[in-house]
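Structural description and commentary
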Amino acid sequence: REVLTAVYGGLDSGGWKGAALAYCDKVEQLMMGGSSAAESSYTARLSDLQGVLSESDRESLTETMRQTANDIGCNVGVVITDDLGGKSDRGYADDFLDESFGFGANAVVLLFNNDRTNMNYADWISTCGHAQDIYNSRTDDIFDRVYDSLGEDNYYGAINAFCGALTRYGEGANG
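Note that the coordinates shown come from a computational prediction; the quantities given were computed from them, not determined experimentally.

1. Regarding the sheet that holds strand S4 (residues 124-128)
Within a sheet, adjacent strands bond to each other through the backbone by hydrogen bonds, running parallel or antiparallel. Here four strands make up an open sheet; going across it, the order is S1-S2-S3-S4 and the pairing mixed. For this open sheet the edge positions go to strand S1 (44-48) and S4, each flanked by a neighbour on one side alone. Sheet twist, expressed as the mean angle between neighbouring strand axes with direction ignored, is 10°. Bridging between strand S2 (residues 75-81) and strand S3 (residues 107-113) involves seven bridges; their strand directions are parallel. Paired with Val 79 across the strands is Leu 111, a residue of S3.

2. Some remarks on the nonpolar core
Counting 31 residues, the largest nonpolar core has Val 78, Phe 112, Tyr 135, Ile 142, Ile 159 and Phe 162 as its most contacted members. For Val 78, the contacting residues outside a window of four places in its chain are Arg 45, Leu 46, Ser 47, Met 65, Phe 96, Leu 110, Phe 112, Ile 159 and Phe 162. With twelve residues, the next largest nonpolar core counts Ala 93, Phe 96, Ala 105 and Ala 107 among its residues.

3. Some words on the pattern of salt bridges
Applying the stated rule across the entire model yields five salt bridges. Between Glu 63 and Arg 66 there is a salt bridge, with the nearest N and O atoms lying 3.6 Å from each other. Within this pair, Glu 63 and its partner Arg 66 are both found in helix H2 (residues 55-72), separated by three residues, close to a single helical turn. With a relative accessible area of 44%, Glu 63 lands in the partly exposed category. Among the ionic pairs, Lys 87 bridges to Asp 95, the shortest N-O distance being 2.6 Å. Taking relative accessible area as the criterion, Lys 87 reaches 38% and is therefore assigned partly exposed. Residues joined by salt bridges that share partners form a network here, namely Asp 48, Glu 55 and Arg 58.

4. Considering the layout of surface pockets
Of the volumes computed, that of the second largest pocket is approximately 180 Å³. For the second largest pocket, the full set of lining residues is Arg 90, Asp 94, Asp 123, Trp 124, Ile 125, Ser 126, Thr 127, Gln 132, Asn 136, Thr 139 and Phe 143. Of all the secondary structure elements, the ones that give two or more residues to the lining of the second largest pocket are helix H3 (89-101), S4 and helix H5 (139-150). The element that contributes the greatest number of residues to the lining of the second largest pocket is S4, accounting for four residues. A per-class count over the lining of the second largest pocket returns three nonpolar, five polar and three charged.

5. Overview of the packing of H2 against helix H6 (residues 155-170)
The geometry of H2 relative to H6 is characterised by a closest axis approach of 9 Å and an angle of 10° between their N-to-C directions. Relative to H6, the element H2 is oriented roughly parallel. Mapping the contact onto sequence places Asp 57, Ser 60, Leu 61, Thr 64, Met 65, Thr 68 and Ile 72 in H2 and Tyr 156, Ile 159, Asn 160, Cys 163, Leu 166 and Thr 167 in H6. Of the residues belonging to the contact of H2 with H6, the class tally is seven nonpolar, five polar and one charged.

6. Re the side chain of Thr 127
Its place among the elements puts Thr 127 in strand S4. For Thr 127, the side chain forms a polar contact with the side chain of Asn 136, separated by 2.4 Å. Those residues in contact with Thr 127 that sit more than four places away from it in its chain are Leu 97, Ala 107, Val 108, Gln 132, Tyr 135 and Asn 136.

Basis of the calculations
- Residues numbered from 1 in each chain as written.
- Predicted model: local features only at pLDDT ≥ 70, side-chain atom pairs only at ≥ 80, totals over all residues.
- Heavy atoms only, no water.
- Pairing = 2+ DSSP bridges.
- Helix = DSSP H or I, 4+ residues; strand = E, 2+ residues; numbered from the N terminus.
- Axes fitted to C-alpha atoms, helices over the stretch in contact; angles between N-to-C directions.
- Core = buried A, V, L, I, M, F, W, Y, C linked by side-chain atoms within 4.5 Å.
- Buried < 20%, exposed > 50% of the residue type's maximum accessible area, 1.4 Å probe, protein only.
- Contact = heavy atoms within 4.5 Å.
- Salt bridge = Lys/Arg side-chain N within 4 Å of Asp/Glu carboxyl O.
- 1 Å grid on protein atoms, 1.4 Å probe; cavity = no way out; pocket = protein on both sides within 12 Å on 5 of 7 lines; lining within 4 Å.
- Points joined across faces, edges and corners; volume = space filled by probe spheres on them.
- Nonpolar A, V, L, I, M, F, W, Y, C, P; charged D, E, K, R; others polar.
- Parallel < 35°, antiparallel > 145°, perpendicular 65-115°, else oblique.
- Polar contact = N/O pair within 3.5 Å; in protein donor to acceptor, adjacent residues only side chain to side chain.

Such coordinate-based values are descriptive only and should not be taken to indicate function.
And the structure:
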């Protein structure tokens, strides 16, 4: 039972690779009678491709995102870009999620799409795994909180609001 719990946790946090690593770590832990070598925690990735955040803001937000990821039990990502490379907003956000956390990983990603070459540009929230169950029905509410804080390009406030909304709507979902 402990092995399966570890595998499911690894699958949620790192996709199939995470599941395999969690399996190996748990089996080793049980065989050796020692503690787990790898900590099963969720990760965060902040990609500011426009350079709108200062280094200290990026560090602070990444830490907030890591804490949020561990609190809600899923990986958290944010990307700010003005070039989708010809992809749709959804396609770009989904690819960012897969590249950042692994295909099938339990994750939620916020895309700030500032690519004005397409008249239909839009921001996007991409989810995968258990995060779909928790957040897909709440994306409008999450965007309301994000945009209330964004104002005139206040990405720092908007990302903090995103993390706050994830925590609020994720409470009790993992217990």
